[in-house]
Amino acid sequence: MRKAKSLRKAASLTPHKVLPWTLATLCIIVVVGINLWRLRPTRTVAVVVPAPSPVSSMATPSAEPAAATTSAGIPFVPTVPNKTLSPGKAEPGMAWIPGGEFSMGAQDPPDMEHDHVGMQATEDSRPVHRVYVDGFWMDMTDVTNAEFAKFVAATHYITEAERTPGAEDFPGAPPENLVAGAVVFSPPDQSVPLNDHLQWWSYVKGANWRHPSGPDSSIKGKEKYPVVDVSYDDALAYAKWAGKRLPTEAEWEFAARGGLTGKPFVWGDSFRPGGKYMANTFQGHFPDKNTDDDGFSATSPVTQFPPNGYGLYDMAGNVWQWISDWYRPDYYRQLAASGAISRNPTGPDNSFDPAERGVPKRVMRGGSFLCTDQYCSRYMVGTRGKGEASTGTNHLGFRCVKAIPHM
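The shown structure was predicted, so the numbers you read here are calculated from the model rather than taken from an experiment. (Residues numbered from 1 in each chain as written. Predicted model: local features only at pLDDT ≥ 70, side-chain atom pairs only at ≥ 80, totals over all residues. Heavy atoms only, no water.)

### Topic: the sheet that holds strand β5 (residues 100–104)
As a reminder, the rule being used: Any two strands between which DSSP finds at least two bridges are classified as paired. Comment: elements are numbered from the N terminus, with helices defined as DSSP H or I runs of at least four residues and strands as E runs of at least two. Contact definition: two residues touch when any of their heavy atoms are within 4.5 Å. Fitted lines through C-alpha atoms serve as axes, helices being fitted only where they are in contact, and the angles separating the N-to-C directions of these axes extend from 0 to 180 degrees.
The strand order across the open sheet formed by four strands is β3-β5-β6-β13, and the pairing between neighbours is mixed. Both edges of this open sheet fall to β3 (80–81) and β13 (342–343), since each of them pairs with a single strand only. With two bridges joining them, β3 and β5 adopt antiparallel strand pairing. Bridge pairing links Pro-81 to Gly-100 in β5. Against the sheet, helix α5 (residues 249–257) engages β5 and β6 (129–133), with an angle of about 90° to β5.

### Quick look at the nonpolar core
Most often, soluble globular proteins have nonpolar side chains that are buried together. To keep things clear, this is the line we draw: We define the nonpolar core as a collection of buried residues of types Ala, Val, Leu, Ile, Met, Phe, Trp, Tyr and Cys that are connected through side-chain atoms lying within 4.5 Å of one another. Summary of the burial criterion: residues with accessible area below 20% of their type's maximum are buried, those above 50% are exposed, and those between are partly exposed, where the area comes from a 1.4 Å probe applied to protein chains only.
With 65 residues, the main nonpolar core has Ile-97, Met-138, Phe-148, Leu-312, Met-315, Trp-322 and Phe-398 as its most contacted residues. The biggest single contributor to this core is α5, with five residues. Not counting residues up to four positions away in its chain, the partners in contact with Leu-312 are Ala-95, Ile-97, Met-138, Asp-139, Met-140, Ala-255, Pro-307 and Arg-399. In terms of nonpolar packing, the next biggest core, distinct from the first, is built from five residues, Ala-161, Ala-182, Val-204 and Ala-207 among them.

### Some remarks on the pattern of salt bridges
Quick reminder of the rule: In what follows, salt bridge is the name for a side-chain nitrogen of Lys or Arg lying within 4 Å of a carboxyl oxygen of Asp or Glu.
Inspection of every chain in the model, using the stated rule, returns 16 salt bridges. For Arg-384, the salt bridge goes to Glu-249, with nearest N and O atoms at 2.7 Å. With Arg-384 in the loop between β14 (361–365) and β15 (385–388) and Glu-249 in helix α5, this residue pair connects regions lying 135 residues apart in the sequence.

### Focus: the pairing of β5
With respect to burial, β5 is a largely interior element, five of its five residues being buried. Burial of the side chains of β5 extends over both faces: Gly-100, Phe-102 and Met-104 are buried on one face and Glu-101 and Ser-103 on the other. Two strands pair when backbone bridges link them, and β5 and β6 are joined in this way by five bridges, in the antiparallel orientation. Bridge pairing in β6 links Gly-100 to Val-133.

### Remarks on helix α3 (residues 145–155)
Rule in force here: This arc is built from the directions going out from the helix axis to the C-beta atoms.
All buried positions along α3 are accounted for by Asn-145, Phe-148, Phe-151 and Val-152. Buried residues of α3, seen end-on, are gathered within an arc of 120° and therefore sit on one face of the element. α3 presents Lys-150, Ala-153 and Ala-154 as exposed residues on the side facing more than 90 degrees away from its buried surface. Those residues of α3 that are buried are in contact with α4 (232–241).

### Considerations on the confidence of the model for the chain
Do not read the predicted coordinates in detail wherever pLDDT is low. Here is the rule: pLDDT runs from 0 to 100 and stands for how confident the predictor is about each residue.
Per-residue pLDDT for the chain averages 84, and the proportion of residues at 70 or more is 82%. Counting contacts from residues 1–66, a segment whose pLDDT is below 50, to residues more than four positions away or on other chains yields 241 contacts.

What follows is the structure, encoded as structure tokens:
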């Protein structure tokens, strides 16, 4: 999608030096910039580049009964969790994830014949391939407003959405256009074509983690809600302060599956088992009418919906989560082509998005309160999102992990 280019023409500028006008594919609309003057940054932000993914020479596991098969005919081989128990007492708010070997990738949508959006959501999540990850601890919830506030109080950190862009990054920009802010979901009051994301996203001056929807909004009383409007670097800064790090894509998916094999959702086969909502997603007519059938029109408290098999909350819906891997749509093909089990992969050594060439992006996982089978089905486990690193939105947060000392 060429959403970033269209946003540049309609908004104005972004709060960083990289080309932050990105919208993650389909439901992930991680966009950049206020472009009232069609400005374009001339410098790029420095981002941490992960090492290339190590691929093992271990043999592919012997054939076992497949738990599921994708439309491409690739089986999900049963997950084999490590038997290692937690090596010590977990930090408060973290769960032990045993790690092990599993089939990584996206299952077909449950209603494959009609859910064309769901099929599109799996395109860059194929082929299914075998991966091994070591055990680790993971935050049971997304980082909350209360937790992020402690970090800010201790470090006096200023998020990217709170920083005023410099004139040197936007030559010729009128001073009044150099304003701090973030991208906010702004639903229209009527039905609109779904090929124009500018109908429901706006760059809002004064929007940041303290004011998620703009200067008139507040997080008062929402201490247990996920922090949003944070960039990738904001998330990295918090993780470093907390003595943790952001998860790799493989770690995140292993944890999200909760021990299940090849299921379309982190809780199983049905989106609403017994008619019960299992995640904070969008109901109604996207994007103009959210009927709030699940009880929420925007974000929800981090423990509002049931946890998965590993005791993790909101591994689907509520807010997207930043991942440490660079994004490439062909990465899974690269891993599968080796014929080996990938051991602790950390992602490709660079980013490429054919929809926005030249704009480096990080992977995002989990979907958000805006995901729906009308426009985005990325609440399905295994599906992938992408986002430009310096862009914060009000449907994007993060959680952290911590490896055991010898890993």
